Amino acid sequence: MTGTADSTGISAQRFREVFRHHAAGVAVITTTSSPDHRPVGFTATSLTSVSAEPPLVSFGLSVRSSSWPAFRAAPRVGIHLLADDQEELAAVFARRAADRFAAPTAWREGPYGLPELDAALAFLVCDVVSEVPAGDHSLFLARVLDASVKEGKAPLLYHAGEFNVLRR
């Protein structure tokens, strides 16, 4: 076995190297900041289905992210599963210090005042249930209140440091 570990575990660099081999779906998660109700969002590849009954998902967010304070205070979030033609949108929401909601980002105020991005493969409206400290991230658990899907679209994937599409 390569990448030997001691009682403290592998290095952060080795951890990232290993997970570059794990393909993940790409999502943009949005909310509004308090008290000014400014739209906030980030690109996530850490979205996970947790439970069907009740419908729960989880996602991670770095505590160093400029979005983290807004998500800590958010009672609800919007989760957008991106389609394979939304690579640029994923890149915009992954950039630091970007005006993520400026043109050409197409969005509107959706349910509960959440920012809703146009043309996502799926959109989930969720209540935040809890936040758990997890190393240099927070892990958020959220209950899905409502969801919509656009049939006929393929998902955007992230693998080996690049956006990819699913081959059929």
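Here, every reference points to the structure presented above.
Here the structure is a predicted model, which is why all the values come from computation and not from measurement.

(A) Quick peek at the overall build of the protein chain. Summing up its helical and strand segments, the protein chain has 3 helices and 12 strands in all. Relative to the compact-globule value of 15 Å for 168 residues, the protein chain shows a C-alpha radius of gyration of 16 Å, a close match. Dimensions of the protein chain, computed from C-alpha atoms along their principal axes, come out at roughly 50 × 40 × 40 Å. Across the 168 residues of the protein chain, 36% fall into the buried class. Taking contacts inside the protein chain between residues at least 6 apart in sequence as the whole, the part at least 24 apart equals 59%. Counting only carbon and sulfur atoms, one obtains 54% of the accessible surface of the protein chain, whose full area is about 10100 Å².

(B) Spatial organisation of the pairing of strand S9 (residues 122–134). Here strand S6 (residues 76–81) runs beside S9; their pairing, made up of 6 bridges, is antiparallel. When the sheet's bridge partners are listed, glycine 78 is paired in S9 with valine 125. By the bridge criterion, 12 bridges tie S9 to strand S10 (residues 137–149) in an arrangement that is antiparallel. Paired with alanine 134 across the two strands is histidine 137, which belongs to S10. What sits between S9 and S10 in their antiparallel hairpin is a turn of 2 residues, with glycine 135 showing a positive phi close to 65 degrees.

(C) Molecular detail of a nonpolar patch on the surface. Together, Ile10, Phe15, Val18 and Phe19 make up a nonpolar patch on the protein surface, roughly 360 Å² of accessible area in all. Within the secondary structure, phenylalanine 19 sits in helix H1 (residues 12–19). A relative accessible area of 46% means that phenylalanine 19 is categorised as partly exposed.

(D) Layout of the nonpolar core. Counting residues in each nonpolar core, the largest one holds 18 residues, and the members touching the most others are Ile29, Phe42, Phe59, Phe71, Val77, Ile79 and Cys126. At the level of secondary structure, the elements contributing two or more residues to this core comprise strand S2 (27–32), strand S3 (39–44), strand S5 (55–62), helix H2 (68–73), S6, S9 and S10. When sequence neighbours within four positions are dropped, the list of residues in contact with cysteine 126 reads Val57, Pro75, Arg76, Val77, Ile79, Ala142, Arg143, Val144 and Leu145. Counting 10 residues, the second-largest nonpolar core is a separate cluster that includes Val92, Phe93, Phe101 and Leu156.

(E) How the structure looks around the sheet that holds strand S11 (residues 156–159). One open sheet holds the 3 strands; their spatial order is S1-S11-S12, and the pairing between them is antiparallel. Either end of the sheet is taken by a strand with one partner, and the two such strands are strand S1 (24–25) and strand S12 (162–165). Of the pairings in the sheet, the one linking S11 to S12 comprises 4 bridges and is antiparallel in character. Pairing of histidine 159 across the sheet is with glutamate 162, part of S12.

Criteria and thresholds
- Residues numbered from 1 in each chain as written.
- Predicted model: local features only at pLDDT ≥ 70, side-chain atom pairs only at ≥ 80, totals over all residues.
- Heavy atoms only, no water.
- Helix = DSSP H or I, 4+ residues; strand = E, 2+ residues; numbered from the N terminus.
- Rg over C-alpha atoms; globule rule 2.2 N^0.38 Å.
- Buried < 20%, exposed > 50% of the residue type's maximum accessible area, 1.4 Å probe, protein only.
- Contact = heavy atoms within 4.5 Å.
- Areas by Shrake-Rupley, 256 points an atom, 1.4 Å probe, with all protein chains shown as cover.
- Pairing = 2+ DSSP bridges.
- Patch = residues over 30% accessible without salt bridge, like charges linked within 9 Å, V, L, I, M, F, W, Y side chains within 5 Å.
- Salt bridge = Lys/Arg side-chain N within 4 Å of Asp/Glu carboxyl O.
- Core = buried A, V, L, I, M, F, W, Y, C linked by side-chain atoms within 4.5 Å.

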